[in-house]
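Chains, contacts and geometry: an overview
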Amino acid sequence: MNLKDIQVLNEKETRAGFGEGAYEIGKENKDVVILTADLAGSMKIAPFIKEFPERFVQCGIAEANMIGIAAGLTVGGKIPYTTTFANFSTGRVYDQIRQSVAYSNKNVKICASHAGLTLGEDGATHQILEDIGLMKMLPGMTVIVPCDFNQTKAATKAIASFNGPVYLRFGRPKWPNFTKEDGSDFTIGKAQQLSEGTDVSIFACGHMVWKAIEAGKILEEKGISVELINIHTIKPLDVDAVIQSISKTKCAVTVEEHNIIGGLGDSIAQVAAKHFPIPIEYIGTLDTFGESGKPNELLTKYGLDTPNIITAVEKVISRK
Amino acid sequence: MLTNNELKNIASQVRRDILRMVHAVQSGHPGGSLGCTDFLTALYFHTMHYSTNFTMDGLNEDIFFLSNGHISPLFYSVLARAGYFDIKELATFRKLNSRLQGHPTTHEHLPGIRMASGSLGQGLSVAIGAALAKKLNGDNHLVFSLCGDGELDEGQNWEAIMFAAHHTVDNLIATIDWNGQQIDGPTNHVMGLDNLKAKFEAFNWTVIEMNGNDMDELIAGLDKAKTLTGKGKPICILMKTEMGKGVDFMEGSHEWHGIAPNDEQLKKALAQLPETLGDY
Ligand SMILES: Cc1ncc(C[n+]2csc(CCOP(=O)(O)OP(=O)(O)O)c2C)c(N)n1
């Protein structure tokens, strides 16, 4: 397992992976029902709608109602996937999810696109950077943040046969696609190790996994041995994989397109604090809202770029 | 007082601004912006009494809240043309470090904006709250708001509509952009609104209807709406508009809700809209 062997297959939107996965799982599992709140186009579910119009539910711009309808559909044995942008999937409808889905333990799949800064020009109202925190705090909620098109597709299909509420978070931009096309390298709840190393553990999720790979390649050239782990399932966290890695490298950097308060970094830090205290550096937004701009411009401005990861790694190693 | 022809000239310039702004960044929402141009022009250049020396509290002036924040290019153009800030700043729309965010925000302190919008369905409540504050302050000026017809799918609107009637918020004129379109298609396919007039009346609002793309009707309608305030009921204007109004190939289709014109389309569009006040 070596970072320099990771090849980019193509560049595709993770939301398009959702659309393809939804279509395929729709064919395989007749209980899958897809709901949307006036965002069918953005969620790339046209093929599903065309093939299975009777299992598509248009809710209009009414997300709270959509969550309730989805919870109700599970009572008849259906597997509802709700689809809208990440902000409107979570913050907008928090209590509806809390009571009707999580507390009631309903098998609803909350599928959320346009998460984080990389949605770009629409700006802060749409760029939620708090959703991982909101969702992972709900008892019983599984939180999955896949890193590319193939993995989003694999996750979209896998959640159908996984019993219980799920939050699936993905995004809008075209992004390097490098995981296996058949999704065989994805298992819910199992961390995906992308490289073995001894100097530092990097834990990343979502779009930022690619940035971490770029940073890792440069660090390896500098002679730093990087263990890169894709934490696509933030909850339940693969605690054993985290402990195993940090007890070897003795320091860690976490990388996420999310507020450092409440996200992946906090989850890793909690495991470290309890089982194996080590220095940790966090790459994420620093308790701020986003703004309009091009995705990569924003990642640079908010400190989520490759050079920031490299600096953080050098710093955390010096703190050992 | 401006003549209706002068107002039409301003609207033509505002439409040019909208198209040039969304074209420059290849993102944003021209459809609803163009459809509501005549309305916002009439509101800011005929109906409302306000000072461009902006204060958040807006005491002793009429104030406006935009709930359907995606039509921000229209809002920014009208605010700039009204004198809230330099029209040159329109060139920064949706770019990094701009005060002209993709959706309006108070976060960057752009004069003329009193709340963030973009997540739909929240503006009417805020407008009603501001109207209540005016009453508490003994301020006789009015509060205006605009929201989309698709936006009415959001349940919060109906909570607000119930509230405003119950609390006799009669210093509010809430306008609905009834263009019959939203993102996924015509509103009657996505979520039927059916008899909107009857719905508002059942909630005990006074309802007037007008064509929002006819300046004469707009002026008459807004003047009438003002005479109906202070009579114990909130006022709703159901305003028929056409998405993409003013650019023939954009008119009437949801396809132009959130797509920017390319170079050639921009040229074709601008050719239909006289440059009356000078481009930014
Ligand atoms: C709460 C929320 N849900 C979804 C969206 C995404 N969205 C932006 S505009 C829009 C359609 C709005 O329709 P309408 O109010 O009729 O405006 P128009 O298309 O006529 O401009 C949607 C669904 C949003 N901005 N906010």
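Residues numbered from 1 in each chain as written. Chains lettered and ligands numbered in written order. Predicted model: local features only at pLDDT ≥ 70, side-chain atom pairs only at ≥ 80, totals over all residues.

1. Focus: the packing of helix H1 (residues 4-25) of chain B against helix H10 (residues 263-270) of chain B
Residues and elements named next belong to chain B. At a minimum axis separation of 10 Å, H1 and H10 run at an interaxial angle of 175°. Taken together, the axis directions place H1 and H10 in an arrangement best described as roughly antiparallel. Contacts between H1 and H10 involve Arg16, Leu19 and His23 from the first element and Leu266, Ala269 and Leu270 from the second. (Axes fitted to C-alpha atoms, helices over the stretch in contact; angles between N-to-C directions. Helix = DSSP H or I, 4+ residues; strand = E, 2+ residues; numbered from the N terminus. Parallel < 35°, antiparallel > 145°, perpendicular 65-115°, else oblique. Contact = placed C-beta atoms within 7 Å.)

2. Considerations on the interface of chain B and chain A
Contact residues are listed per partner, giving 27 residues for chain B and 25 residues for chain A. Looking at side-chain class alone, the side of chain B that touches chain A contains seven nonpolar, 14 polar and six charged residues. (Nonpolar A, V, L, I, M, F, W, Y, C, P; charged D, E, K, R; others polar.)

3. Some words on the site of the ligand
Residues in contact with the ligand amount to 25 residues; listed here are only the nearest, Gly32(B), Gly148(B), Gly150(B), Glu151(B) and Gln182(B). More than a single chain frames the ligand: its nearby residues are located in chains A and B. Secondary-structure elements contributing two or more residues to the shell around the ligand are helix H2 (30-35) and strand E4 (181-182) of chain B. For the shell around the ligand, the class distribution of residues is seven nonpolar, 13 polar and five charged. (Near = placed C-beta within 6 Å.)

4. With respect to the domain arrangement of chain A
Residue and element names in this part refer to chain A. Assigned domains within chain A: domain 1 (10-177) and domain 2 (187-318). One C-alpha centre belongs to domain 1, the other to domain 2, and the line joining them spans 25 Å. Each partner contributes to the interface: domain 1 provides 28 residues, whereas domain 2 provides 31 residues. Elements with a minimum of two residues in the side of domain 1 that touches domain 2: helix H6 (131-136), strand E6 (142-144), helix H7 (149-158) and strand E8 (174-177). The residue inventory of the side of domain 1 that touches domain 2, partitioned by class, reads 15 nonpolar, nine polar and four charged. (Domains from an automatic or database assignment.)

5. Examining the environment of Asn29(A)
Residue and element names in this part refer to chain A. Looking at the element boundaries, asparagine 29 is found in the loop between helix H1 (14-28) and strand E2 (32-36). With 12 C-beta atoms counted inside 10 Å, the residue asparagine 29 sits in the exposed group. The sequence separation of asparagine 29 and proline 307 amounts to 278 residues, and the corresponding C-alpha distance is 44 Å. (Buried ≥ 20, exposed ≤ 12 C-beta atoms within 10 Å, placed from the backbone.)

6. Describing helix H10 (residues 264-275) of chain A
All names here are of chain A. Over its twelve residues, H10 extends 17 Å from the first C-alpha to the last, a length consistent with the 16 Å expected when each residue adds 1.5 Å. For H10, every residue scored as buried is listed here: Leu264, Gly265, Asp266, Ser267, Ile268 and Ala272. On its buried face, H10 sits against H6, strand E10 (200-204), strand E12 (233-235), helix H9 (239-249), strand E13 (252-259) and strand E14 (280-285). (Expected span 1.5 Å × (residues − 1).)

7. Remarks on the packing of H1(B) against helix H3 (residues 37-47) of chain B
All names here are of chain B. Here H1 crosses H3 at 125°, and the two axes come no closer than 9 Å. Considering their axes alone, H1 and H3 lie oblique with respect to each other. In this structure, H1 crosses over H3, and the sense of that crossing is right-handed. Along the contact surface, H1 presents Leu7, Ile10, Ala11, Val14 and Arg15, while H3 presents Thr37, Asp38, Thr41, Ala42, Phe45 and His46. Tallied by class, residues from the contact of H1 with H3 come to six nonpolar, three polar and two charged. (Left-handed = near helix turned anticlockwise from the far one by under 90°.)

8. Section: the pairing of strand E6 (residues 206-211) of chain B
Residues and elements named next belong to chain B. Pairing geometry for E6 and strand E7 (residues 235-240), over six bridges, is parallel. Bridge pairing links asparagine 211 to lysine 240 in E7. At this point the chain moves from E6, through helix H9 (residues 215-227), to the parallel E7, and the crossover so formed is right-handed. (Pairing = 2+ DSSP bridges. Right-handed = clockwise from strand over helix to strand, strands pointing away.)

9. What about helix H6 (residues 155-166) of chain B?
Residue and element names in this part refer to chain B. With twelve residues, H6 ought to run about 16 Å at 1.5 Å a step, and its terminal C-alpha atoms sit 17 Å apart, in line with that. Those residues of H6 not exposed but buried are Asn157, Ala160, Ile161 and Ala164. Buried positions in H6, seen along its axis, are confined to an arc of 105° and lie on one side of it. Turned more than 90 degrees away from the buried face of H6, the exposed residues are Met162 and His166. The elements touched by buried residues of H6 are helix H5 (123-136), strand E2 (143-148), strand E3 (172-178) and helix H8 (196-202). Threonine 168 lies just past H6 and shows a positive phi near 40°. (Arc of directions from axis to C-beta.)

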